[in-house]
Amino acid sequence: MIYEKNDAIASVTINRPEALNVYNIQMRDDLYEVLAALKDDDEVRVAIFKGAGEKAFCAGADLSEFLTAPAPTEARKARFERAVWGLFLSIQQPIIAAVHGYALGSGIEIALCCDIRIASDDAQFGLPEVGLGIIPAAGGTQTVPRTIGRARALEMLLSNRWIGAEEAYEIGLVNKVVPRERLLETVQEMAQTIASYDPHAVRNAKQAVVRGIELPLAQALELEKRLALEIAAAKSR
């Protein structure tokens, strides 16, 4: 992982292009450190996740590592995995995924931990785990149906059918599709727009949606009210 910061915008690059940015144990450890740094950095207003190289955002997990760990370490590894993805979902700043090429397995899971997903027209999305005799273990069985619906998620998961960028847009998996050469420019423009707004309002708006969507409507409306009052109180000081 490469972590860079330019003024109020942070960029995280999945940096294993020689292996299609396949997610391995070292990357998992690096991701935890990056996310912890991002969460604690009040100067960062928006973060961008992207993949290095020309071929992939992230083409899944390195099963040669994750499926061959010694048995006594399995429980610790599972706890750490939960901590990484929980930390990802706890980030208060908006996160934009710039997705190109292959986004498979862990690649979809990373993208769905982001708030906004912009894909290049060459992006390919898939959940190959069942075909490999396993199931997604980084939230895919939960985040994908919450994003595109149960039936479409099950079709992707159980049949190992990959979808292209345009179909991903049509079913709501991504927010926008742009030509490959304009991907990073488009993402950067959106990040700059968001970063130009009041950071307290941006963070609270994200929290109202992310936390509220899991609550009954009455409780969600109360959450929205509390978050709005927080902003008003901060402005009156």
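Residues numbered from 1 in each chain as written. Predicted model: local features only at pLDDT ≥ 70, side-chain atom pairs only at ≥ 80, totals over all residues. Heavy atoms only, no water.

K.L.:
Describe in detail the overall build of the protein, supporting the description with residues and values.
P.N.:
The helix and strand tally for the protein stands at 10 helices and 10 strands. Over its C-alpha trace the protein gives a radius of gyration of 18 Å, about what one expects of a compact globule, namely 18 Å for 237 residues. The principal-axis extent of the C-alpha atoms belonging to the protein is close to 55 × 40 × 35 Å. Taken across its 237 residues, the protein has 45% of its residues classed as buried. Pairs at least 24 residues apart make up 71% of the contacts formed inside the protein by residues separated by at least 6 positions. Just so you have it, the protein exposes about 12000 Å², and 54% of that area is on carbon and sulfur atoms. (Helix = DSSP H or I, 4+ residues; strand = E, 2+ residues; numbered from the N terminus. Rg over C-alpha atoms; globule rule 2.2 N^0.38 Å. Buried < 20%, exposed > 50% of the residue type's maximum accessible area, 1.4 Å probe, protein only. Contact = heavy atoms within 4.5 Å. Areas by Shrake-Rupley, 256 points an atom, 1.4 Å probe, with all protein chains shown as cover.)

K.L.:
I'd like a rundown of the pairing of strand β5 (residues 95–99), residues and numbers included.
P.N.:
A large share of β5 lies buried, amounting to 5 of its 5 residues. Alternating residues of β5 divide into I95, A97 and V99 and I96 and A98, and every residue in both groups is buried. Sheet topology note: the strand β3 (residues 46–51)/β5 ladder contains 4 bridges and is parallel. Counted as the bridge partner of K50 is A98 from β5. Pairing analysis gives 4 bridges linking β5 to strand β7 (residues 116–120), with the strands arranged parallel. Looking at the pairing, I96 lines up with I116 of β7. (Pairing = 2+ DSSP bridges.)

K.L.:
Explain the sheet that holds strand β1 (residues 2–6) residue by residue, including any values.
P.N.:
With respect to topology, 6 strands assemble into an open sheet ordered β1-β2-β3-β5-β7-β10, the strand pairing being mixed. With partners counted over all chains shown, the strands left at the sheet margins are β1 and β10 (176–178), one partner each. Between one strand and the next, the sheet's axes are offset by a mean angle of 20°, whatever the strand orientation. Relative to β3, strand β2 (residues 9–14) is paired through 6 bridges, and the arrangement is parallel. Across the sheet, residue S11 finds its bridge partner in β3, namely I48. (Axes fitted to C-alpha atoms, helices over the stretch in contact; angles between N-to-C directions.)

K.L.:
Residue-level account of the sheet that holds strand β4 (residues 56–58), with values.
P.N.:
Overall, mixed pairing links the 4 strands, which are arranged β4-β6-β8-β9 in an open sheet. In this open sheet, the two edge strands, each paired with only one partner strand, are β4 and β9 (163–164). Summarising the sheet, strand β8 (residues 124–126) and β9 pair through 2 bridges and their orientation is antiparallel. Within the sheet, the bridge partner assigned to Q124 lies in β9 and is G164.

K.L.:
Go over the packing of helix α9 (residues 199–212) against helix α10 (residues 217–236) with me, naming the residues and quoting the values.
P.N.:
Helix-helix packing: each pair is described by the crossing angle between the helix axes and the interaxial distance. Relative orientation of the contacting elements α9 and α10 amounts to 170°, with a least axis distance of 9 Å. By the angle between their axes, α9 is roughly antiparallel relative to α10. For the pair α9 and α10, the contacting residues are H200, A201, N204, Q207, A208, R211 and G212 in the first and A220, L223, L227, E230, I231 and A234 in the second. Grouping the amino acids of the contact of α9 with α10 by side-chain chemistry returns 7 nonpolar, 4 polar and 2 charged. (Parallel < 35°, antiparallel > 145°, perpendicular 65-115°, else oblique. Nonpolar A, V, L, I, M, F, W, Y, C, P; charged D, E, K, R; others polar.)

K.L.:
Any chance you could break down the nonpolar core for me, citing the residues and the numbers?
P.N.:
If you look at soluble globular proteins, the nonpolar side chains tend to sit buried side by side. The biggest cluster of nonpolar side chains holds 46 residues, and the ones touching the most others in it are F88 and F125. Among the elements that line this core, the one with the most residues is helix α1 (residues 25–40), at 5 residues. Residues contacting F88, with those up to four places away along its chain left out, are L31, L35, F49, I95, I110, C113 and C114. Counting residues in hydrophobic clusters, the runner-up holds 15 residues, among them A8, A98, V187 and A191. (Core = buried A, V, L, I, M, F, W, Y, C linked by side-chain atoms within 4.5 Å.)

Any link to function would need more than the numbers given here.
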